[in-house]
Amino acid sequence: ATNTRAFHERVTAEVDRAKRYHHPFTLAYIDIDNFKAINDVFGHQTGDDLLCAVVRILERNIRTSDLVARLGGDEFALLLPETGTESAEPVLQKLQRDLLEVMQGNNWPVTFSIGLAVFTSAPSSVAEVVRFADALMYSAKKNGKNSMCHQVFQ
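As the structure is a computational prediction, the values presented were derived from the model and not from experiment. (Residues numbered from 1 in each chain as written. Predicted model: local features only at pLDDT ≥ 70, side-chain atom pairs only at ≥ 80, totals over all residues. Heavy atoms only, no water.)

Draft legend 1. Spatial organisation of the overall build of the chain. What the chain contains, in helices and strands, is 5 helices and 5 strands. Secondary structure elements in the chain, listed N-terminal to C-terminal, are α-β-α-α-β-β-α-β-α-β. For 154 residues, the compact-globule estimate of 2.2 N^0.38 gives 15 Å, and the chain sits close to it at 15 Å. Evaluated residue by residue, the chain yields a buried proportion of 48% over its 154 residues. Here the analysis covers contacts within the chain between residues at least 6 apart in sequence; of these, 73% occur between residues at least 24 apart. Only carbon and sulfur atoms are counted for the fraction: they give 50% of the accessible area of the chain, which is about 7500 Å². Charge-centre separation for the chain: the mean point of 16 positive side chains lies 2 Å from the mean point of 19 negative side chains. (Helix = DSSP H or I, 4+ residues; strand = E, 2+ residues; numbered from the N terminus. Rg over C-alpha atoms; globule rule 2.2 N^0.38 Å. Buried < 20%, exposed > 50% of the residue type's maximum accessible area, 1.4 Å probe, protein only. Contact = heavy atoms within 4.5 Å. Areas by Shrake-Rupley, 256 points an atom, 1.4 Å probe, with all protein chains shown as cover. Lys, Arg positive; Asp, Glu negative; His and termini not counted. Charge placed at Lys NZ, Arg CZ, Asp CG, Glu CD.)

Draft legend 2. Inspection of the pattern of salt bridges at higher detail. Enumeration according to the criterion identifies 8 salt bridges in this entry. With its nearest N and O atoms 2.7 Å apart, the salt bridge here joins Asp40 to Lys36. On the criterion of helical spacing, the pair formed by Asp40 and Lys36 is a turn pair, its members being 4 residues apart in helix 2 (residues 35-42). We note that Asp40, like Lys36, is exposed. (Salt bridge = Lys/Arg side-chain N within 4 Å of Asp/Glu carboxyl O.)

And the structure:
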């Protein structure tokens, strides 16, 4: 997974490409529900192991042109260039299933709230892209966690 600065540089480039070529792209925000409890109950090493497992699963399920970034302690972003709703939603549903399967296999009591923002026309800024995806992820959390909220921005 890349860092926040590299992530913002790639999203900036993708916004510029969308403005120039009118191609869609998708940004997914993924939050690990109840992650703090892992560190509190199982310890920080288990928390680190869980984060590494999440990164492995995300990276194994994306294309080389996609980007995984860790944005916070338990938040990740996926940038999917050239990807509209028809492609993005099944990919994220599969990712969520794969993530949950590994978490359950390790008896880690966490789930995933995902915000999926699909841009079919260029947004005005990177900040707008991030704000929309983040808001959708928080909607998923408010809907009882372990869910995905998506929206197409035209």
